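Descriptive structure summary
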Amino acid sequence: MRVSLTLHGIPVSCGIAIGRAYLIAPAALDVDHYLIEADQIDAEIDRFHAAQAAVVAELAELRDDLAADAPSEMGAFIDVHTMILNDAMLVQETIDLIRTRRYNVEWALAEQLEILGGYFDDIEDEYLRERKADIEQVVERLLKALAGAPTAASLVVHTAVSNGHNEMIVVAHDIAPADMLQFKTQAFKGFVTDLGGRTSHTAIVARSLGIPASVGVQQASVLIRQNDLIIVDGDHGIVIVDPAPIVLEEYSYRQSEKLLEQRKLQRLKFSPTQALCGTKIDLCANIELPEDAQVAVEAGAMGVGLFRTEFLFMNHKHQLPEEEEQFEAYKRAIELMNGKPVTIRTIDVGADKPLDSMSGGEGYETAPNPALGLRAIRWSLSEPQMFITQLRAILRASAFGPTKILIPMLAHAQEIDQTLDLIREAERQLDEAGIAYDRKIQVGAMIEIPAAAIAVRLFLSRLDFLSIGTNDLIQYTLAIDRADNSVAHLYDPLHPAVLNLIAFTLREAKRAGVPMSVCGEMAGDPSATRLLLGLGLTEFSMHPSQLLVVKQEILRSNLKAFEKPVADVLAAYEPAELQAALTALQKA
Ligand code: PEP
Ligand code: MG
């Protein structure tokens, strides 16, 4: 038995999870991965054998078709691939993964490929080392054969035995935001990744799941082994591997205390969101998928303040969803909100949310700095056909309930004008076809580039509402990549430059009478609630899981008492001064 190990990372989603490590190899993320039920094991192994037989036949056909004068290496390569297809290291080990870990066959194959690849990397002999490519090609053929075959009927619901700490905690080197979505349907209890920053989109999705997560836990996926007992302290970013009994007991106690607190918060669900001084506040939800709207309603959200539609576009290998598919998704969210407004943000891809189809486009992968490149509205304006398709789908959905359009990453007057022109064009097309939509649909912009905040007047005169995206506003103001854990300690929402930009933007919007919300992660952070209230914010949008804890803070707030400490916060440039003003604000 090894000694307990404590790893430190960045806390991104509160709470404590205790469970078994569930390691996910990078290659495994490129294929569907889900756990199968015990009674599906045989069927899954049959799928594997069927794919194996299909590839054997395919190779035999290839051999038959070889021209008489084909180079002899061609035949040799087919023989090698046929041998690999029957090799126990591939076949038996894959079957073992299906049996023992209950991986679906695609996942088991990808995992086994990863393991075998590791052996080959260590081989000195170049010729032998290159045989790794043969195994990859065989696995690729198998995966292709499987793609045409039916998969196990249902996604996992792992049977967790809570008192035995058998819940699963995902441990990975990194998880792309799109892959993170797959976990929405699965019963994992926590997340640990080697990479990532507090507002990386992976962290955001983890937070939306409402389960404890730590990212930037360097080497976690190397130091933690499959099935290790681990504790994830999502409040402090700590991960404890193989904890001593006394530590386990302490964390189990803290975990039950937290659950109790969460249950108590449920009582606030139906009370109006009003500060002690009487000011009414709107709390809205951020969602990634249409079904999340149900969770938003259940949490008592007044509406959806941010629907990140790019998640609909991910996992669509090399093509974008058609207008009809998008329309159905937007309509579904609108209908689930049952009369409450849904703010649909147009696609925001790029930076840490690339699309598969982008790799073929204008050298996206080689963009020197994707976060400063063709991202969000810049990409949409460069692909007008795609953009009009999305706009048409949103407009059509607006006939089914209150809807607003939100545009990400605008900075220039001409971008705003171009965008508005394209919206008019989409409306014109619908008019021509006699298709209904909300003719008074409101169009708003994200304020998430410092230039947009400073020149907010450009926006106030052109748009119906604004929403501050603090995640990007902080990233671009401080020049700190929000997904890069090596500079995560410098990603500071309380930097005087950030606070003064937010304050200025809110003031200008108020003066112009244009509604402004905050939909970045700061809106869902209860430690920032008083500050945002004191800066005059009356509309917050956040993950449903954060709604009640922020509401609790609002119910305890007297905005009048915040005036002086908030003025002090904005005037403070020295860290000690700032800290003193913030402490005074928390006590006000
Ligand atoms: C933001 O930047 O604050 C925001 C809400 O958008 P996203 O996190 O999707 O970039
Ligand atoms: Mg943003």
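Higher on the page you've got the structure.
Heads up: these notes are all about the structure in this document. Everything numeric in this text was worked out from a predicted model, so none of it was measured. (Residues numbered from 1 in each chain as written. Chains lettered and ligands numbered in written order. Predicted model: local features only at pLDDT ≥ 70, side-chain atom pairs only at ≥ 80, totals over all residues. Heavy atoms only, no water.)

**Notes on the overall build of the protein chain**
In terms of regular secondary structure, the protein chain is built from 24 helices and 16 strands. The C-alpha radius of gyration of the protein chain comes to 26 Å, within 12% of the 25 Å expected for a compact globule of 588 residues. Seen through its principal axes, the protein chain has C-alpha atoms that stretch 85 × 70 × 40 Å. Partitioning the intrachain contacts of the protein chain with sequence separation of at least 6 by distance along the chain shows that 70% fall at a separation of at least 24. Across the protein chain, the 52 positively charged side chains and the 82 negatively charged ones have centroids separated by 12 Å. (Helix = DSSP H or I, 4+ residues; strand = E, 2+ residues; numbered from the N terminus. Rg over C-alpha atoms; globule rule 2.2 N^0.38 Å. Contact = heavy atoms within 4.5 Å. Lys, Arg positive; Asp, Glu negative; His and termini not counted. Charge placed at Lys NZ, Arg CZ, Asp CG, Glu CD.)

**With respect to the site of ligand 1**
The environment of ligand 1 is made up of 17 residues, and the closest members are R308, R345, G469, N471 and R482. In this structure, an oxygen atom belonging to ligand 1 sits 3.1 Å away from a main-chain N or O atom of T470. Considered on its own, ligand 1 offers 290 Å² of accessible surface; in the complex 100% of this is hidden by protein. Among the elements of the structure, α8 (201-208), β10 (304-308) and α19 (470-478) are those that each provide at least two residues to the shell around ligand 1. Here the residues of the shell around ligand 1 are counted per class, giving 4 nonpolar, 5 polar and 8 charged. (Near = heavy atom within 4 Å. Polar contact = N/O pair within 3.5 Å; in protein donor to acceptor, adjacent residues only side chain to side chain. Areas by Shrake-Rupley, 256 points an atom, 1.4 Å probe, with all protein chains shown as cover. Nonpolar A, V, L, I, M, F, W, Y, C, P; charged D, E, K, R; others polar.)

**Here's the deal with the nonpolar core**
Counting 154 residues, the largest nonpolar core has L466 and F540 as its most contacted members. A total of 8 residues in this core trace back to one element, the largest contributor, which is helix α15 (residues 384-397). A domain-level breakdown of this core finds at least three residues from each of domain 1 (5-263) and domain 2 (267-444 + 519-557). Discounting chain neighbours no more than four positions away, the residues touching L466 are A445, I447, V456, F459, L460, V514, P515, M516 and S517. Counting residues in each nonpolar core, the second largest holds 14 residues, with A17, I169, I230 and V239 among its members. (Core = buried A, V, L, I, M, F, W, Y, C linked by side-chain atoms within 4.5 Å. Buried < 20%, exposed > 50% of the residue type's maximum accessible area, 1.4 Å probe, protein only. Domains from an automatic or database assignment.)

**Some points on the environment of L62**
One can find L62 in helix α1 (residues 41-64). Distance in space between the C-alpha atoms of L62 and I78 is 7.9 Å, their sequence separation being 16 residues.

**Details of the coordination of the magnesium ion (ligand 2)**
Under perfect tetrahedral coordination by four donors, a metal shows angles of 109.5 degrees; under perfect octahedral coordination by six donors, it shows angles of 90 or 180 degrees. The protein atoms donating to the magnesium ion (ligand 2) are E448 (OE) and D472 (OD), with metal-donor distances spanning 2.0 to 2.1 Å. Here E448, found in the loop between β13 (442-447) and α17 (450-454), pairs with D472, found in helix α19; they are 24 residues apart in sequence, far enough to count as distant. Both residues of the pair, E448 and D472, count as buried. (Donors = N, O, S within 2.8 Å, 3.2 Å for Na, K, Ca; no water.)

**Observations concerning unusual backbone geometry**
Of note, the phi angle at Q219 is positive, near 70 degrees, even though the residue is not glycine. Considering the arrangement of structural elements, one finds Q219 in the loop between β6 (213-215) and α9 (220-223). A positive phi angle is found at A479, which is not glycine, with a value near 55 degrees. Among the structural elements, A479 can be located in the loop between α19 and α20 (496-512).

**Remarks on the sheet that holds strand β3 (residues 16-24)**
Taken in spatial order, the 8 strands make up an open sheet running β1-β8-β7-β3-β4-β5-β6-β2, and their pairing is mixed. Each end of this open sheet is capped by a strand with a single partner; those strands are β1 (5-8) and β2 (10-13). Going across the sheet, the axis of each strand differs from the next one's by a mean of 30 degrees, ignoring polarity. Here β1 pairs with strand β8 (residues 238-241) via 4 bridges, running antiparallel. In the sheet register, H8 faces β8, and the bridge partner there is I238. Set on the sheet, α8 makes contact with β2, β5 (188-193) and β6; between it and β2 the angle comes to about 50 degrees. (Pairing = 2+ DSSP bridges. Axes fitted to C-alpha atoms, helices over the stretch in contact; angles between N-to-C directions.)

**A closer look at the packing of aromatic side chains**
On inspection of all chains with the given rule, the structure shows 6 aromatic pairs. When the ring of Y22 is compared with that of W107, the centres are 5.6 Å apart and the planes differ by 80 degrees; the resulting orientation is edge-to-face. Residue Y22 is located in strand β3, and its partner W107 is located in helix α4 (residues 105-121); the two are separated by 85 residues in the primary sequence. Accessibility classification places Y22 together with W107 in one group, the buried group. Taking 6.0 Å as the distance between ring centres and 80 degrees as the angle between the ring planes, the aromatic pair formed by F307 and Y330 counts as edge-to-face. Of this pair, F307 sits in strand β10 while Y330 sits in helix α13 (residues 323-337), and the two are 23 residues apart along the sequence. F307 gets classed as buried once you look at its relative accessible area, which sits at 0%. One aromatic cluster is present, formed by Y22, Y103, W107 and F188 through successive ring pairs. Between K331 and the ring centre of F400, over which it is positioned, the NZ or CZ distance is 5.0 Å. (Phe/Tyr/Trp six-rings, centres within 6.5 Å; stacked < 30°, edge-to-face > 60°. Lys NZ or Arg CZ within 6 Å of the ring centre and 35° of its normal.)

**A closer look at a nonpolar patch on the surface**
Taken together, the side chains of M89, I115 and Y119 present a nonpolar region at the surface, about 270 Å² in accessible area. With respect to the helices, strands and loops of the structure, I115 is situated in helix α4. (Patch = residues over 30% accessible without salt bridge, like charges linked within 9 Å, V, L, I, M, F, W, Y side chains within 5 Å. Salt bridge = Lys/Arg side-chain N within 4 Å of Asp/Glu carboxyl O.)

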